[in-house]
Amino acid sequence: MSVAGLKKQFHKASQLLQEKLNGVEGTKLDEEFLIMERKTDITHKLILDLVPKTIGYLQPNPAYRAQLSMLNAVAKIRGKGKTIGYPQTEDILGDCMLHYGSELGAASGFGFALTEMGEALKQVSQAKDSMDVRVNQTFIDPLQSIQDNELKEIRFHLRKLEGRRLDFDFKKRRKGKIANTEIKKALEKFEESKDLAESSMFNLLQKDGVQMQYLSGFISAVLDYHQQSCQILENLRSSLQTRITDASNQPKREFASKSVASTMCYTDIYGLSNWPSGQSSGTEITEALSEKYAPVVVHSPDKAQNPTSNYDSGPPFDQPCCRALYAFQAENQGELCFKGGDIIILTSQVDENWFEGMLNGKSGFFPKNYVKVLVPLP
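The shown structure was predicted, so the numbers you read here are calculated from the model rather than taken from an experiment.

Calculation notes
Residues numbered from 1 in each chain as written. Predicted model: local features only at pLDDT ≥ 70, side-chain atom pairs only at ≥ 80, totals over all residues. Heavy atoms only, no water. Helix = DSSP H or I, 4+ residues; strand = E, 2+ residues; numbered from the N terminus. Buried < 20%, exposed > 50% of the residue type's maximum accessible area, 1.4 Å probe, protein only. Contact = heavy atoms within 4.5 Å. Areas by Shrake-Rupley, 256 points an atom, 1.4 Å probe, with all protein chains shown as cover. Salt bridge = Lys/Arg side-chain N within 4 Å of Asp/Glu carboxyl O. Pairing = 2+ DSSP bridges. Polar contact = N/O pair within 3.5 Å; in protein donor to acceptor, adjacent residues only side chain to side chain. Axes fitted to C-alpha atoms, helices over the stretch in contact; angles between N-to-C directions. 1 Å grid on protein atoms, 1.4 Å probe; cavity = no way out; pocket = protein on both sides within 12 Å on 5 of 7 lines; lining within 4 Å. Points joined across faces, edges and corners; volume = space filled by probe spheres on them. Nonpolar A, V, L, I, M, F, W, Y, C, P; charged D, E, K, R; others polar.

**Digging into the overall build of the protein**
Next, step 1: Scanning the protein from terminus to terminus reveals 10 helices and 5 strands.
Next, step 2: Across the 378 residues of the protein, 33% fall into the buried class.
Next, step 3: Pairs at least 24 apart in sequence give 63% of the contacts found in the protein among residues at least 6 apart.
Next, step 4: Put simply, the protein shows about 24000 Å² of open surface, and 55% of that area lies on carbon and sulfur atoms.

Take a look at the structure:
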C-alpha cells in the first residue's frame, strides 16, 4: 500500500475513533437513503435465513443433506456432472412394499395390494423430486442469484461509501490544516459513492413484482406436487377398495385337514410316489384308501363292451360330474386346478367340504362350494 493509502486509512480510523469515543457527529445521510439501506439489509438477512430453511422443507433429513452435499462435492472434483438425488421417504417405503409384495406373490391378495401401493408411492416420490427441481429453479436459485450479485454489489458500495464518509469528515473536521481542494475532492468521492449505493438499492427494491413471482413459482410447484399425489393415492384407494369387495364376494373356503397317509396313498394310486418297501403295516390303509379314491370307470349305453375312461373329452353327463362355478387355484399338493365352467368328473367325496375328481387327465381334491353337482355320486 502506498503512503497516501496508509494516510487515508489512518484518517478513517481516527475519525471512527472520535465518533465512537468522543461522540463526534459524522455527516448524516438523508432519510430516504437510510430507509432503503434498512430494507436492503433485511433482504440480505431474509435470503440468508430463507434459502436453508426452504432446502430443509424440501429435504427434511439433515444427515442425508450433509451426505449428499459431500458426495456431490466429490463428484464435481472427479468430473462427474450427474448429481446424486435426495432419497425420498416415499421411495424408501415403496421399495420395501414392492419387495415383500413380490415375496408374497401375485396369488396373494395382500401381496398384490402391497405391490400396487409400492408402485404408487414411487410415483409420489417422483412427483416430489419434480417439485424439488422446480422450487430450486423458480425460487431458491433466483434468491441465491440476488444474494451473490446485486446484494454483493450493494454491500461493496456501502462499505466504500462509509470509508469515503469517514475520510471526508476527518478532513472537514481539520479544516484549516488541510487544503480546501482536498476536502472538496473527498466530498466529491463521498457523493459519488452515495449515488452508486443509492441507485443499486433503488433498483433492487423496485423488483417487488419479480420477487413475488419467485414465491408464486414456489407455490405452483408445491401445489402441483400435492395434486399429483392426491390423484395417485385416490386411484390407489379406488383400486384397493375394488379388490377388497371382490375378495369379500369370493366363497369362503374352510380348512380341511389331510393326513400324511392319505396323501401318500393318493399319490401312490396315480404313480406319483411309492410306499416305502417293507411297510406291511400300511397295506390295509393303502387298500382302503385305494378303494375310496380309485378312478371310476363307466360304460356308455351304446358301447357296453368297450369301457370308457374318465379321460374322455366329451361332457360326462352319463357319470357323476359337476360344473365349476368359480376358478380354483391349487395351493397344496394333490389339489385340482380348474376354471369357471369346466366339467369335472366326480370320483369321490372326501368329506362334507371336499370332492375328489378328474379333469383333462389330472386328478385331485377341490372344495365342494366351488362347483354345482350335475350328476351326483352314487
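**Some points on the pattern of salt bridges**
Next, step 1: This structure, assessed with the given rule, holds 19 salt bridges.
Next, step 2: The partner of Arg165 in a salt bridge is Glu19, and the shortest N-O contact between them spans 3.0 Å. In this pair, Arg165 sits in helix H6 (residues 150-173) while Glu19 sits in helix H1 (residues 3-21), placing the two residues 146 residues apart along the sequence.
Next, step 3: Judged by its relative accessible area of 17%, Glu19 is buried.
Next, step 4: One salt bridge in this structure joins Asp169 and Arg165, with 2.6 Å as the shortest N-O distance. Remark: Arg165 and Asp169 occur in helix H6; sequence separation between them is 4 residues, near one turn of the helix. The exposure classification of Asp169 matches that of Arg165, with both residues buried.
Next, step 5: Bridged by salt links that share partners, the residues Glu19, Glu162, Arg165, Asp169 and Lys172 form one connected network.

**Thoughts on the pairing of strand E2 (residues 343-349)**
Next, step 1: Across the 7 residues of E2, 5 count as buried, placing the element largely inside the fold.
Next, step 2: The pairing of strand E1 (residues 321-324) with E2 spans 3 bridges and is antiparallel. Considered in E2, the bridge of Cys321 is made with Ile345.
Next, step 3: Here E2 pairs with strand E3 (residues 354-359) via 4 bridges, running antiparallel. Of the residues in E3, the one forming a bridge with Gln349 is Phe355.
Next, step 4: What sits between the antiparallel neighbours E2 and E3 is a turn of 4 residues.

**Topic: the side chain of His44**
Next, step 1: By secondary structure assignment, the location of His44 is in helix H2 (residues 31-58).
Next, step 2: A distance of 2.8 Å separates the side chain of His44 from the side chain of Gln147, its partner in a polar contact.

**Remarks on the sheet that holds E1**
Next, step 1: Taken in spatial order, the 5 strands of this open sheet run E4-E3-E2-E1-E5, and their pairing is antiparallel. If you trace the sheet from one side to the other, it starts and ends with strand E4 (362-367) and strand E5 (371-375), each paired once. Shown here is a sheet whose adjacent strand axes are inclined to one another by a mean of 40 degrees, direction ignored.
Next, step 2: In terms of strand pairing, E1 meets E5 through 4 bridges, oriented antiparallel. Residue pairing for E5: Arg323 is matched across the bridge by Lys372.

**Structural notes on empty space enclosed by the protein**
Next, step 1: This model, assessed by the stated rule, comprises 1 cavity of 30 Å³ or more.
Next, step 2: Forming the boundary of the largest cavity are Ala127, Ser130, Met131, Arg134, Ala221, Asp224, Tyr225 and Gln228.
Next, step 3: Those elements that place two or more of their residues in the lining of the largest cavity are helix H5 (109-148) and helix H8 (208-249).
Next, step 4: The residue inventory of the lining of the largest cavity, partitioned by class, reads 4 nonpolar, 2 polar and 2 charged.

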